Amino acid sequence: MVSKSAAESATEQLIVNKYGAMRTEMNQIYSKITELEMEVSEHSLVMNAIQPLDPSRRCYRMIGGVLVERTIKEVLPAVQRNKEGLEEVIARLNEALEKKKIEIAEFEAKHKIRIRKSDDVVDDSSKKEGSAQGVLVGPAGGSES
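Examining unusual backbone geometry
Negative phi is the rule for most residues except glycine; trans is the rule for most peptide bonds.
Right, so step 1: Even without a glycine there, the phi angle at K112 is positive, about 55 degrees.
Right, so step 2: With respect to the helices and strands, K112 occurs in the loop between α2 (72–111) and α3 (118–131).
Right, so step 3: Residue classification places K112 among the exposed positions, given a relative accessible area of 68%.

Listed below in structure tokens is the structure:
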């Protein structure tokens, strides 16, 4: 009987670990989407800044950590291609995110997982603080004479 409850506990722990890993993966996808959206925004700013300028004007572009001198005529199409590529990657990540959300929802339903709201956690901690006895300590090293 003891081994059965230990096996159930181990199984529960595996479920919790897998669920945590799935949530972490979803958060990483969110982070990557946000990062790439910032890059798209930067590309748009650059494009808007250099479009009205003379196409033969010199400009500098960072490529793989190396600053390269080019003309606006050469740089503008490259920046536009990069922006379009980033937007495609964002679209694929959004699709992956939706699949991950569905996978997590199915996992939650299958294993009857319920998430506690943060309000519940705050209430528990405040109850503990109210019933706990503490000691008031003054500032460290503050000896008064």
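Some points on the packing of aromatic side chains
Any two aromatic rings considered together are summarised by their centre-to-centre distance and by the angle between their planes.
Right, so step 1: The tally for this structure, following the rule as stated, stands at one aromatic pair.
Right, so step 2: Each ring, one from Y19 and one from F107, has its centre 6.3 Å from the other, and the planes form 10 degrees; the classification is stacked. Placement of Y19 in helix α1 (residues 2–50) and of F107 in helix α2 is noted, with a sequence separation of 88 residues between them.
Right, so step 3: We classify F107 as buried; its relative accessible area is 10%.

Observations regarding the pattern of salt bridges
Right, so step 1: Enumeration according to the criterion identifies five salt bridges in this entry.
Right, so step 2: Here E25 and K100 are joined by a salt bridge, their closest N and O atoms 3.2 Å apart. Of the two residues, E25 is situated in helix α1 and K100 in helix α2; the sequence distance between them amounts to 75 residues.
Right, so step 3: Sharing partners across several salt bridges, the network here consists of E25, K100 and E103.

Here we look at a nonpolar patch on the surface
Right, so step 1: Residues Y60, M62 and L67 make up a contiguous nonpolar surface patch of roughly 370 Å² in combined accessible area.
Right, so step 2: With respect to the secondary-structure elements, M62 resides in strand β1 (residues 58–63).
Right, so step 3: Residue class for M62 comes out exposed when judged on its relative accessible area of 55%.

Here's the deal with the environment of M47
Right, so step 1: By secondary structure assignment, the location of M47 is in helix α1.
Right, so step 2: The class for M47 is buried, based on a relative accessible area of 7%.
Right, so step 3: Distance in space between the C-alpha atoms of M47 and K83 is 9.6 Å, their sequence separation being 36 residues.
Right, so step 4: Residues in contact with M47, not counting those within four places in the same chain, are L76, V79, Q80 and K83.

Quick word on the side chain of K83
Right, so step 1: Secondary-structure assignment places K83 in helix α2.
Right, so step 2: Of the side chains with opposite charge, E87 comes closest to the buried, unpaired K83, at an N-O distance of 4.1 Å.
Right, so step 3: Residues contacting K83, with those up to four places away along its chain left out, are V40, H43, S44 and M47.

Thoughts on the environment of K32
Right, so step 1: If you trace the backbone, K32 turns up in helix α1.
Right, so step 2: The class of K32 is partly exposed, set by a relative accessible area of 37%.

What counts as what
Residues numbered from 1 in each chain as written. Predicted model: local features only at pLDDT ≥ 70, side-chain atom pairs only at ≥ 80, totals over all residues. Heavy atoms only, no water. Helix = DSSP H or I, 4+ residues; strand = E, 2+ residues; numbered from the N terminus. Buried < 20%, exposed > 50% of the residue type's maximum accessible area, 1.4 Å probe, protein only. Phe/Tyr/Trp six-rings, centres within 6.5 Å; stacked < 30°, edge-to-face > 60°. Salt bridge = Lys/Arg side-chain N within 4 Å of Asp/Glu carboxyl O. Patch = residues over 30% accessible without salt bridge, like charges linked within 9 Å, V, L, I, M, F, W, Y side chains within 5 Å. Areas by Shrake-Rupley, 256 points an atom, 1.4 Å probe, with all protein chains shown as cover. Contact = heavy atoms within 4.5 Å. Lys, Arg positive; Asp, Glu negative; His and termini not counted.

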